[in-house]
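What follows is each chain in one-letter form.
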Amino acid sequence: MTTETLLTSRTAEYHESPHARYWTDVSYKYGGTRLNLLDICVPKRQPEDPHQAVWLVYIHGGAWRDPLIDRKSFNTALDLLLQDDQPHNIAGFVSLDYRLSPYPSHPTSPSSTHDDSRNVQHPEHLNDVLVALSFLGSSAAITAGRYVLCGHSCGATLAMQATARLSARYGAIQPPVALSGMEGIYDIAALVATHTHPAYREFVTAAFGQNEETWVTASQLVGKMEKWQGNVLLVQSSSDELVDMEQTDSIVKKLVVQGFTRTSTTSTGNEGKQVLKVVIDCLHDEVWEKGTELAKAIRVVTDKAWISPAKH
Ligand SMILES: N[C@@H](CC(=O)c1ccccc1NC=O)C(=O)O
């Protein structure tokens, strides 16, 4: 990210800590809403090999609608990463917001029909993510395709959708070099069928409408990951009370059909098109609330042993 780009952003705030420089509340979309903002953190200790370094872009969860889970939910994991003694391969971190679907029944912050930031449906969440990535493309790192997408829950859905979209056709934005999905939703129809609590159907119809065909095409991404050459890390807790293991197992199978190979380690050298499933043990939101598992996944997915080397 060039400093000039950031300085021209109307809303951005700048501050520093002993470990990093931060630009927060950066507007990524012309005429955007208060949820079309992102936060950037550039560690003062930069990777030893800048040519191989990547940017990490985080996409939060919250069922496409929860106003209390936003880009700031990345901060606990970010603080843990910045305190690490061991060196990283990460040039910078981005956590982004995107417009949400309606949530008029939220107990403390119900959405109003007049709020442009909380009344969208698929594919607008994805479109916002793509606009954010395009904004970030003004950074040399991201134009060169050296970034990794990491998403939690419906953020993992968005990370997968964005990767599928960006690898399907040639465009100004390169797809990510690697992808990490945590507690992800990859089969919306199965999610609604498995979980009979009415909240599931409620948030899915708010985000994707009533037509179940849209749920299938939007989340299953059949055939849409074929062209992408990166590696995928999928992390799922066996004690997640909201999203079941079958979500991750089903996308693993679909990736294998699209040319991916299952692997059990990240340290065997990277040939691309590998998928690694890691089982953890915590509640759904503890992944980012405690930050430990999120930080761990980010260390792995950005490691030079896991991502394809930059071409010279
Ligand atoms: N806190 C959310 C619920 C939520 O985030 C969620 C619930 C079930 C399955 C997945 C979820 N989040 C995925 O992004 C809500 O209030 O709607």
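Residues numbered from 1 in each chain as written. Predicted model: local features only at pLDDT ≥ 70, side-chain atom pairs only at ≥ 80, totals over all residues. Heavy atoms only, no water.

What exactly am I supposed to notice about the overall build of the protein chain here?
When helices and strands are counted, the protein chain shows 11 helices and 10 strands. Each principal axis of the C-alpha distribution contributes one length, and for the protein chain these read about 50 × 45 × 40 Å. Considering only residue pairs separated by 6 or more positions, the protein chain has 74% of its internal contacts joining residues 24 or more positions apart. The average position of the 27 basic charges and that of the 35 acidic charges among the side chains of the protein chain differ by 6 Å. (Helix = DSSP H or I, 4+ residues; strand = E, 2+ residues; numbered from the N terminus. Contact = heavy atoms within 4.5 Å. Lys, Arg positive; Asp, Glu negative; His and termini not counted. Charge placed at Lys NZ, Arg CZ, Asp CG, Glu CD.)

It is not clear to me how the pairing of strand E3 (residues 37–43) should be interpreted in this structure. Could you clarify?
Of all the seven residues making up E3, seven are buried; the element is thus mostly covered by neighbouring parts of the structure. Neither face of E3 is left uncovered, since the one carrying Leu 37, Asp 39, Cys 41 and Pro 43 and the one carrying Leu 38, Ile 40 and Val 42 both have all their residues buried. As judged from the six bridges shared by strand E2 (residues 20–27) and E3, these two strands associate in the antiparallel manner. In the strand pairing of E3, Val 26 is matched with Leu 38. Looking at chain direction, E3 and strand E5 (residues 90–96) are connected through four bridges and run antiparallel. Residue pairing for E5: Asp 39 is matched across the bridge by Ser 95. (Buried < 20%, exposed > 50% of the residue type's maximum accessible area, 1.4 Å probe, protein only. Pairing = 2+ DSSP bridges.)

Looking at this model, I keep getting lost on the packing of aromatic side chains. Mind explaining?
Aromatic rings considered in pairs are described by the distance between their centres and by the relative angle of their planes. One pass over the structure, following the stated rule, counts seven aromatic pairs. When the centroid spacing of 4.9 Å and the interplanar angle of 90 degrees are considered together, the rings of Trp 64 and Phe 208 count as edge-to-face. Here the residue Trp 64 occupies a position in the loop between strand E4 (54–59) and helix H2 (75–82), and Phe 208 occupies one in helix H7 (residues 198–208), the gap between them amounting to 144 residues. For Trp 64, a relative accessible area of 0% corresponds to the buried category. Between the aromatic rings of Phe 74 and Phe 93, the centroid separation amounts to 6.2 Å while the plane-to-plane angle is 45 degrees, which identifies the pairing as tilted. Taken together, the residues span a long stretch of sequence, with Phe 74 in the loop between E4 and H2 and Phe 93 in strand E5 at a distance of 19 residues. Taken individually, Phe 74 and Phe 93 each receive the classification buried, so the pair is uniform in this respect. Three or more aromatic residues link up through ring pairs in this structure, and these residues are Trp 64, Tyr 200, Phe 203 and Phe 208. Over the aromatic face of Tyr 103 sits the side chain of Arg 65, whose NZ or CZ is 3.6 Å from the ring centroid. (Phe/Tyr/Trp six-rings, centres within 6.5 Å; stacked < 30°, edge-to-face > 60°. Lys NZ or Arg CZ within 6 Å of the ring centre and 35° of its normal.)

How do you make sense of the sheet that holds strand E10 (residues 274–280) when you look at a structure like this?
Pairing between the strands of a sheet is mediated by backbone hydrogen bonds and can be parallel or antiparallel. Strand order in this open sheet of 10 strands is E1-E2-E3-E5-E4-E6-E7-E8-E10-E9, and the pairing throughout is mixed. Because the sheet does not close on itself, it has two edges, and the strands there are strand E1 (13–16) and strand E9 (261–263). The mean angle between the axes of side-by-side strands here comes to 20 degrees, regardless of whether they run parallel or antiparallel. In the packing of helix H5 (residues 154–168) onto the sheet, contacts are made with E4, strand E6 (147–152), strand E7 (178–182) and strand E8 (231–237), and the angle to E6 comes to roughly 145 degrees. (Axes fitted to C-alpha atoms, helices over the stretch in contact; angles between N-to-C directions.)

So what exactly am I meant to see when it comes to the pattern of salt bridges here?
Side chains that differ in charge, positive against negative, can pair when their charged atoms come close. All told, the structure shown has 17 salt bridges when counted by the stated rule. Close ionic contact of Arg 65 with Glu 202 constitutes a salt bridge, the shortest N to O distance being 2.8 Å. One end of the pair, Arg 65, is in the loop between E4 and H2; the other, Glu 202, is in helix H7, with 137 residues separating them in the sequence. Owing to a relative accessible area of 7%, Arg 65 belongs among the buried residues under this scheme. For Glu 202, a relative accessible area of 38% corresponds to the partly exposed category. Close ionic contact of Asp 128 with Arg 99 constitutes a salt bridge, the shortest N to O distance being 2.8 Å. Placement of the pair is Asp 128 in helix H3 (residues 124–136) and Arg 99 in the loop between E5 and H3, with a sequence separation of 29 residues. (Salt bridge = Lys/Arg side-chain N within 4 Å of Asp/Glu carboxyl O.)

Looking at this structure, I do not really get the packing of H2 against helix H11 (residues 292–301). What am I missing?
Contact geometry for H2 and H11: axes closest at 8 Å, N-to-C directions at 55 degrees. Between H2 and H11, the angle falls in the class oblique. The two elements H2 and H11 cross, and the hand of that crossing is right-handed. Seen from H2, the contacting residues are Ala 77, Leu 80 and Leu 81; seen from H11, they are Thr 292, Leu 294, Ala 295, Ile 298 and Arg 299. When grouped by side-chain class, the residues that make up the contact of H2 with H11 number six nonpolar, one polar and one charged. (Parallel < 35°, antiparallel > 145°, perpendicular 65-115°, else oblique. Left-handed = near helix turned anticlockwise from the far one by under 90°. Nonpolar A, V, L, I, M, F, W, Y, C, P; charged D, E, K, R; others polar.)

Help me understand the environment of Ile 307 in this model?
Structurally, the position occupied by Ile 307 is in the segment after H11. We classify Ile 307 as buried; its relative accessible area is 2%. Taking C-alpha positions, Ile 307 is 9.1 Å from Val 54, a pair spaced 253 residues apart along the chain. In this view, Ile 307 contacts Gln 52, Val 54, Asn 89, Arg 146, Val 148, Val 177, Ala 178, Asn 270, Val 301 and Thr 302; residues no more than four positions away in its chain are not counted.

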